[in-house]
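Structure assessment
Take a look at the letters that make up each chain.
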Amino acid sequence: MSRSERVVGKTAAKGQRGMVASHNPQAAEAGAQVLADGGSAVDAITTMSFLTGVREVAMNSVGGVGVLLHHCASTGTTEEISFYGRTPAALAEDTFVPYLLPRESGSAAFGWRPVRDDVHERGPLSVGVPGHVAGISALHTRHGSAPWADLLAPAERLARSGFDPDGEDTFHFGSEFNHVQRYDEMRRVFLSGGIPRPAGFYQGRTIPVVQPDLSDSIAAVAAGGADEFYNGELAARIAAGVQAEGGLLSADDLARFRPDFGDGLRGSYRGYRVISSSGPNGGVTLLEMLNLAENFDLAALPRFSGQCLHLLAEIMRQAWTDRFVHVGDPDRTPVPLTGLIDKRYASDLATELPKEHRGAWTTPGDPWTFDPARRPADRSVPAGDLAGKDTTHLLAADADGNVVSLTQTLGLAFGSCFIPRGTGLNLYDVTMWMNPEPGTPNSVAPWVKQVGHATPTLLLKDGKVVAALGAPGGRRVVTAMFQTVINIVDFGMDVAEAIAAPRLHCEGAAPSAPVGPTVADVLVDDRVPAEALADLTRRGHLVRQCRETETQSFLAKPLGVQYTDDGLIGGADVFRRSLAIGV
């Protein structure tokens, strides 16, 4: 029998003077124009970041958070700027105790107690300090060349003039309707007549999303910089608006906030330098996967053979088991980050990985062996690793070799769903990542950050960026970055081909109970050949096929930029309206 075959793809963008990539076409067009006008990668990403905060309303916001990597070609240095927000200083471990429901009344993430009205996930009590403005301002202050106000002008104009929602917007408005309609300002801005704004399907007519309050806030930041957002009149209105509705975020919290600066987490893979996000983000798990993969000759295997896919699944299983057991907020619990990315640790683990058939039991390694001075005498296991997927990613690169890879997010779709009246700023829901019940390493607490999965990644050779990568998609981001890197390095694909290729995702364990019988599930793109799927099944995997679409994201949505001898190549997710533009 012969069956029709699903073929999905996009051409690669090509450029000589620069390249941008975004999941929103308007942000990509604006960033490309900045490059065409002589701006740098930092200038382009500044415009793109604020504009996508206006346009990709379910995924991020000017009131959101994020992390970025910036490579400066003139100095050959790469820096990380992390602007994940923190919980308010007035938040206590018992803040949500009055809202806790009996366990038998419903289920919540990781077996946590259910919370009445989901107040730890939505509304003013869930709000954390928004870091977006501080992070992007810090990047521009250090490395930007075009005037700050000019770069924010496209976002200010779009918020005031409005945008026509598309099918993806309507999907998000509809799927999150119960949350959006609960809060006055969200309902006023994003609904029309109490229902989601239509996207003009068939002969219909769109109803634009207009955000004049947000435009005014962006104009204030354009004029007064980050100081206006964290110390000025706008800061006072944000804090007053949150507290008027029972939230805890204060003006002191905003004034106290600073982004974190570092070098990123560094490793290598088959002769390439790999730099990714540090701390409890996705970089540590990505580097462990790559270190494990170095112990196998992947290039000798057909890319979509059962044997290759089996090895990738087992590598993922081991790395996720280690993450679920060992990775938490290092400010609150000891984390063996050094050991987890030690190549000797990966070499030892690789000898025990099941080479031909799925293992029956998930067992974490002991990375403390390679970080013995910091081994704790007694340590609780981090409680869960939440899998939010409502995030976006942006990339910009210029002809001089300057590159920015930026992940920004609101947490859950539409974040807290809380907009302080008159600001237009939908704020980040920091406590959704934390256990609402006291007494665990991941319980809510004052002035703490969450564990995340952002994995902006750079591949370098001889001190120069070869490729810049990133994606939204929760835990799936890490495995998407892993497979994109091996597609480029082991299988010789360009960045567009590497992104378009089918992927799989395997964890092999439950985050809240990672040690025990192996979870056999492997999530596999339905474009993988049937013979390979049958081989995976014979090897003991429970294959679950998934179909990626514009609105269904099972396997993350990567973007990439690559430097070649002939110029730059841009690759964008083949399912969404994602766009790469070369200049």
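Attention here is on the structure that accompanies the text. Everything numeric here is computed off the predicted structure, so don't read it as measured data. Each chain has its residues counted from 1, running along the sequence as written. Totals for whole chains, interfaces and linings use all residues, but because this is a predicted model, local features are given only for residues with pLDDT of at least 70 and pairs of side-chain atoms are given and counted only at 80 or more. Excluded from the side-chain calculation are hydrogens and water; included are all heavy atoms of the structure.

Let us look at the pairing of strand β3 (residues 65-72). Counting buried positions over the 8 residues of β3 gives 8, a clear majority of the element. With 7 bridges joining them, β3 and strand β12 (residues 403-411) adopt antiparallel strand pairing. When the bridges of β12 are listed, L68 appears paired with L406. Bridge count for β3 against strand β4 (residues 77-82) is 6 bridges, and the pairing is antiparallel. From the neighbouring strand, V67 faces β4, where its bridge partner is S82. The hairpin formed by β3 and β4 contains 4 residues between the paired strands, and G76 there has a positive phi angle of roughly 70°. Only protein chains enter the accessibility calculation, which uses a 1.4 Å probe. A residue is then buried if its area is under 20% of the maximum for its type, exposed if over 50%, and partly exposed in between. Here a helix means four or more residues in a row that DSSP labels H or I, a strand means two or more in a row labelled E, and each is numbered from the N terminus. A strand pair is defined by DSSP finding two or more bridges across the two strands.

It is worth spelling out the nonpolar core at this point. Core analysis: the biggest nonpolar cluster contains 70 residues, and V20, F50, F190 and F414 have the highest contact counts within it. Of all the elements, helix α2 (residues 41-55) adds the most residues to this core, at 8 residues. Whether two residues are in contact is decided by their heavy atoms, any of which lying within 4.5 Å being enough. When neighbours within four sequence positions are excluded, V20 is seen to be in contact with A28, G31, A32, L35, A44, M48, L395, A396, L579, A580 and I581. Residues L265, W320, V466 and C506 belong to the second largest nonpolar core, which totals 64 residues. Put simply, buried Ala, Val, Leu, Ile, Met, Phe, Trp, Tyr and Cys residues joined by side-chain atoms within 4.5 Å make one nonpolar core.

Pairing within the open sheet is mixed, and its 3 strands lie in the order β15-β17-β18. Looking along the sheet, the strands with just one partner apiece sit at the ends: β15 (504-505) and β18 (542-546). As judged from the 2 bridges shared by β15 and strand β17 (residues 521-525), these two strands associate in the antiparallel manner. Pairing of L504 across the sheet is with V524, part of β17. The strands that helix α17 (residues 530-538) touches are β17 and β18; relative to β18, the one it contacts most, it runs at about 150°. Axes here mean lines fitted to C-alpha atoms, for a helix over just the part in contact, with angles spanning 0 to 180 degrees between N-to-C directions.

Of all 6 residues in strand β20 (residues 567-572), 6 are buried; the element is thus mostly enclosed. Sheet topology note: the strand β1 (residues 13-15)/β20 ladder contains 3 bridges and is antiparallel. In the strand pairing of β20, G15 is matched with L568. Relative to β20, strand β19 (residues 559-564) is paired through 6 bridges, and the arrangement is antiparallel. Paired with L559 across the strands is A572, a residue of β20. What sits between the antiparallel neighbours β19 and β20 is a turn of 2 residues.

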